[in-house]
Amino acid sequence: MTERRLLLATGNPGKVREIRRALEGLPLEVVGLSDVLPVKPPAERGRTFAENARAKGLYYSRRWPGPVLAEDSGLEVDALGGAPGVRSARFSAPRPSDEKNIRRVLRQLEGVPPAKRRARFVCAMVVVLNGRVIAEFRGEVEGRIASEPRGESGFGYDPIFYYPPLKKTFAELSGGSKNEISHRGRAVRGLRAYFEAKIKALSGDAPDRA
Ligand code: ITT
């Protein structure tokens with residue numbers, strides 16, 4: 001492997017912010033798609049977050065000589081049979097936006113009491129190198145859908161994702177606090193440990209068993 005820059009293969013600036021922050025301090029150069037590979041994103045056709053994450057990682061790996069980090073994530077609402085799920089980004093298609101997606105979820109949950117508004121964020125993350133998936137991580141966080149949007153931080157469904165232990169929505173948390181508990185934060189911690197072990201092995205401190 002000659003190319004040591006890690007390609008962060010997502011077009012979502014909210015994800016870029018959170019993943020960059022969670023990888024801070026690692027001796028890795030993280031580059032964004034828009035800087036080095038401004039290509040059309042692949043269609044997302046998988047039935048699971050993991051399938052979509054792998055498809056994205058493999059798609060960009062065909063066009064990038066080094067390691068690629070891709071992820072697929074979304075919101076599952078129990079009262080909606082797990083929707084929006086893998087359709088989270090395009091829930092309000094044909095011209096989806098975060099605001100319209102939020103309105104659609106709230107409309108579909110009208111009249112549903114707090115106890116029945118259970119939901120979770122899920123994140124499936126992959127590292128692909130030379131067209132091969134070399135590591136996979138998953139993170140989830142449980143919460144419930146608030147009755148109305150609250151908070152200005154974050155992105156996507158954060159304003160309606162209420163996290164009972166902190167009595168706040170994710171959009172009321174700072175970036176650092178969200179990363180500590182979020183689905184993405186949990187997945188990235190697995191990834192971080194993986195990279196730390198790799199880097200240690202490469203520097204000769206420990207045998208590389210990968
Ligand atoms: P890429 O495919 O380029 O990574 P995307 O935004 O299309 O970007 P996804 O297909 O994984 O990403 O869709 C994820 C959607 O789920 C995203 O658009 C948000 O609406 C929502 N989502 C995921 N993680 C979230 C988070 O931490 N906070 C709020 N909403 C989130």
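Residues numbered from 1 in each chain as written. Predicted model: local features only at pLDDT ≥ 70, side-chain atom pairs only at ≥ 80, totals over all residues. Heavy atoms only, no water.

Remarks on the overall build of the chain
Right, so step 1: The secondary structure content of the chain amounts to six helices and seven strands.
Right, so step 2: In sequence order, the chain lays out its α and β elements as β-α-β-α-α-β-α-β-β-β-β-α-α.
Right, so step 3: A globule of 210 residues ought to have a C-alpha radius of gyration of about 17 Å, and the chain, at 18 Å, matches this closely.
Right, so step 4: The principal-axis extent of the C-alpha atoms belonging to the chain is close to 60 × 35 × 25 Å.
Right, so step 5: For the chain, with 210 residues in total, the buried portion stands at 47%.
Right, so step 6: Sequence-distant contacts, at least 24 apart, represent 59% of the contacts inside the chain between residues at least 6 apart. (Helix = DSSP H or I, 4+ residues; strand = E, 2+ residues; numbered from the N terminus. Rg over C-alpha atoms; globule rule 2.2 N^0.38 Å. Buried < 20%, exposed > 50% of the residue type's maximum accessible area, 1.4 Å probe, protein only. Contact = heavy atoms within 4.5 Å.)

Observations concerning the site of the ligand
Right, so step 1: Close to the ligand lie 20 residues; Thr10, Lys15, Lys56, Asp158 and Lys178 are nearest.
Right, so step 2: Note that a nitrogen atom of the ligand is positioned 2.7 Å from one of the side-chain N or O atoms of Asp158.
Right, so step 3: Measuring from a nitrogen atom of the ligand, one finds a side-chain N or O atom of His183 at 3.2 Å.
Right, so step 4: In the complex, the protein chains occlude 89% of the 610 Å² of accessible area that the ligand would expose alone.
Right, so step 5: Those elements that provide at least two residues to the shell around the ligand are β3 (68-77) and α6 (183-202).
Right, so step 6: Considering every element that reaches the shell around the ligand, the biggest residue donor is β3, with four residues.
Right, so step 7: Of the residues in the shell around the ligand, the class split is four nonpolar, eight polar and eight charged. (Near = heavy atom within 4 Å. Polar contact = N/O pair within 3.5 Å; in protein donor to acceptor, adjacent residues only side chain to side chain. Areas by Shrake-Rupley, 256 points an atom, 1.4 Å probe, with all protein chains shown as cover. Nonpolar A, V, L, I, M, F, W, Y, C, P; charged D, E, K, R; others polar.)

Brief notes about the pattern of salt bridges
Right, so step 1: All told, the structure shown has 18 salt bridges when counted by the stated rule.
Right, so step 2: When the shortest N-O distance is used, the salt bridge between Glu51 and Arg47 registers 3.3 Å.
Right, so step 3: The exposure class of Arg47 is exposed, given its relative accessible area of 69%.
Right, so step 4: For Arg120, the salt bridge is made with Asp78, and the minimal N-O distance between the two is 3.0 Å. Of this pair, Arg120 sits in strand β4 (residues 118-129) while Asp78 sits in the loop between β3 and α4 (98-108), and the two are 42 residues apart along the sequence.
Right, so step 5: Through salt bridges that share partners, Lys15, Glu18, Glu71, Asp158, Lys178 and Arg184 make up one connected network. (Salt bridge = Lys/Arg side-chain N within 4 Å of Asp/Glu carboxyl O.)

Section: the pairing of β3
Right, so step 1: In terms of burial, β3 is largely enclosed, as nine of its 10 residues are buried.
Right, so step 2: Of the pairings in the sheet, the one linking strand β1 (residues 6-8) to β3 comprises two bridges and is parallel in character. Directly across from Leu8, in β3, lies its bridge partner Leu69.
Right, so step 3: Inspection of the sheet shows β3 paired to β4 by 10 bridges, in the antiparallel sense. Residue pairing across strands places Ser73 opposite Cys123, the latter belonging to β4. (Pairing = 2+ DSSP bridges.)

Some details on unusual backbone geometry
Right, so step 1: Of the consecutive residues Ala83 and Pro84, the connecting peptide bond is found in the cis state with omega at 0 degrees.
Right, so step 2: Locating Pro84 in the fold gives a position in the loop between β3 and α4.
Right, so step 3: The amide bond that connects Ala93 to the next residue, Pro94, takes the cis arrangement and shows omega of 15 degrees.
Right, so step 4: Examined against the element boundaries, Pro94 turns out to sit in the loop between β3 and α4.

Some details on the packing of aromatic side chains
Right, so step 1: Under the criterion given, the structure shown has seven aromatic pairs.
Right, so step 2: With a centroid separation of 4.9 Å and an interplanar angle of 90 degrees, the aromatic rings of Tyr59 and Tyr60 are classed as edge-to-face. In this pair, the class of Tyr59 matches that of Tyr60, namely buried.
Right, so step 3: Measuring from centroid to centroid gives 5.7 Å for Tyr194 and Phe195, while their planes differ by 55 degrees, and the two rings are tilted. (Phe/Tyr/Trp six-rings, centres within 6.5 Å; stacked < 30°, edge-to-face > 60°.)

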